[in-house]
Structure formats: structure tokens, C-alpha cells
Amino acid sequence: MSTILSTNSLCRHFGGVRAVNDVTIAIRDKSVKAVIGPNGAGKTTLFNTITGRLPATAGTVVFDGRDITNSPVHERVKLGICRTFQINSLFLGATVFENVRIAKQTRMGKSLKIFSKRDSLADVNEATFEILEKVGLGGKASELANTLSYGDQRSLEVAIALAGDPKILLLDEPTAGMSQLETNNIIRLIQKLVKEIAVVLVEHDVDMVLSISDSISVMHQGSIIGEGTPDEICKNQRVREAYLGDENGH
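Note that this is a predicted model, so its numbers are computed, not measured.

(A) Structural context of the overall build of the protein chain. The helix and strand tally for the protein chain stands at nine helices and 10 strands. In summary, the protein chain has a C-alpha radius of gyration of 18 Å against a globular reference of 18 Å for 250 residues, a match within 12%. Taken over the C-alpha atoms alone, the protein chain extends approximately 60 × 40 × 35 Å along its principal axes. A buried classification covers 50% of the 250 residues belonging to the protein chain. As displayed, the protein chain has an accessible area near 11700 Å², and 50% of this comes from carbon and sulfur atoms. With 28 positive and 29 negative side-chain charges, the protein chain shows a separation of 5 Å between the mean positions of the two kinds.

Now the structure itself:
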């Protein structure tokens, strides 16, 4: 399986704080890569540097064979790098359908008149409904986003990201605050998506990570301290001492 995104000695410093320090990782196409570690380890900063929200202090980011280290966010999105955030960023007063349609219109280069008649954008509408079906929200297209359960709002966030036609999707704590039922729904969604694209997630639910990931990178104080399959990570003594051991009370 080919590598779709990689970083080489990537750094992001804030003054004297090395939030991301010499991080080298490789993400294979159509695989699930998890980035785990304690709070403050640098996981979200790594996401922000990969997606261009923060400039790299040093190192490189390569996507699909192209150096994108200095590319702006919108160019990375056009290439197929999409993400969600820890906090939902939805149009809460708009319907589920409208939230995704607006994102899809942008991706397809259509007019951004929010109140365009539905039937004037047939191809956009069709693509929007396909995405909603994929994330399990097809039956809730006409509901307002602010009436959805928290879990469905997170799924809507994923739908909006999918409207960008990603080749790789970065999910920042996708199951945070969810019930077990909602978490199971997200797991099934990720398992469906990874048949077509690469998925990278920052997640604190270690059991969920171990059950779904093809490979795991463990961050601590800005650096990668362990990398491998779920089984290899569980057996990594340094990882157990820094993170997993504390997590499981060992």
C-alpha cells in the first residue's frame, strides 16, 4: 500500500516550546493511522501543521508525492486534505442538507448563493444526498443542525469534510463526549471510509484506537516515542510508561 502523506523532521515551535519536535511519520493510502498521547503532547498542533493552519518551523510535509510544506490551507484542501475539529463548526440554524450542500457547492465551483433553489443545482444536490447517506444522515436531511444529537452533529462534521472529496481525512477527537452507541457508529463510519481514502485520527479512547487502527504513532512532549501496529504499541515499554500504563492503571 503506497504512502499518501508523510512528514520528515517536522517541527512547530512557539518560542521556546517545541510543540511538534522532529516528527517523521508516514500514512498509507486506505489505512487508519491514529495519533495518541497525553494532553499537551502536540497532537492537534501536528494536525494544524499538516493541514497548513500553522506554518512549519522546520521539516517537510509531502502529500501524494508533492512537497506542500509552504502551501496555504485552501490549496491543501483542493489537493484532497480535509479535516474535522475538536469543536463542531456547523451552521446550526441551517438544515443538515444545507450544511453539506454549501460545502459541496464550494468544492464543485458553483455559485455560493446560499439560498439557491435546490433544483437549480441538481448535481450538487445529488452529491450532497450521497454523502448524507454515507454518514447515516440521509433520513435527517431536512432537520436543523441544532436539533441533532451530539453524535449526529459529529457525523455532520464528517459529512462536511467529505464534501471536499478528500484523499485523506483527519479527524480530531471524533468520539470525544460520545456515548458508546455513538462511538460505535463513528467506528463503523471510519471502517466504511477507509475502503476509499486514508483516515488519520487523534483520539483519547485507547480501546477504540486499538480496535480500528492499522498503525499508531504515540506522541509525548512534541515527539514520537513509539510507532507500530496496535499489538506492537501495547508491548512498547516506553509507550506504556509514558501513556498506556497510566491510562490502564498499570
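(B) View of unusual backbone geometry. In this model, Lys 30 sits at a positive phi of 50°, which is unusual for a non-glycine residue. On the secondary structure map, Lys 30 appears in the loop between β2 (17–28) and β3 (32–36). The phi torsion at Asp 64 lies on the positive side, around 55°, for a residue other than glycine. For Asp 64, the location among the structural elements is in the loop between β4 (58–63) and β5 (66–67). For Asp 64, a relative accessible area of 47% corresponds to the partly exposed category.

(C) Focus on the pattern of salt bridges. Evaluation of the coordinates by the stated rule reveals seven salt bridges. Note that Lys 167 and Asp 64 form a salt bridge whose closest N and O atoms lie 3.2 Å from each other. Taken together, the residues span a long stretch of sequence, with Lys 167 in the loop between α5 (150–162) and β7 (168–172) and Asp 64 in the loop between β4 and β5 at a distance of 103 residues. Classification of Lys 167 as partly exposed rests on a relative accessible area of 38%.

(D) Expanded view of the sheet that holds β5. Strand order in the open sheet made by the four strands is β2-β1-β4-β5, with antiparallel pairing throughout. Every other strand in the sheet has two partners, leaving β2 and β5 as the edge strands with one partner each. On top of the sheet, helix α1 (residues 43–50) reaches β1 (3–14), β2 and β4; it is set at about 115° to β1, its chief contact.

What counts as what
- Residues numbered from 1 in each chain as written.
- Predicted model: local features only at pLDDT ≥ 70, side-chain atom pairs only at ≥ 80, totals over all residues.
- Heavy atoms only, no water.
- Helix = DSSP H or I, 4+ residues; strand = E, 2+ residues; numbered from the N terminus.
- Rg over C-alpha atoms; globule rule 2.2 N^0.38 Å.
- Buried < 20%, exposed > 50% of the residue type's maximum accessible area, 1.4 Å probe, protein only.
- Areas by Shrake-Rupley, 256 points an atom, 1.4 Å probe, with all protein chains shown as cover.
- Lys, Arg positive; Asp, Glu negative; His and termini not counted.
- Charge placed at Lys NZ, Arg CZ, Asp CG, Glu CD.
- Salt bridge = Lys/Arg side-chain N within 4 Å of Asp/Glu carboxyl O.
- Pairing = 2+ DSSP bridges.
- Contact = heavy atoms within 4.5 Å.
- Axes fitted to C-alpha atoms, helices over the stretch in contact; angles between N-to-C directions.

By themselves, these figures tell us nothing about what the structure is for.
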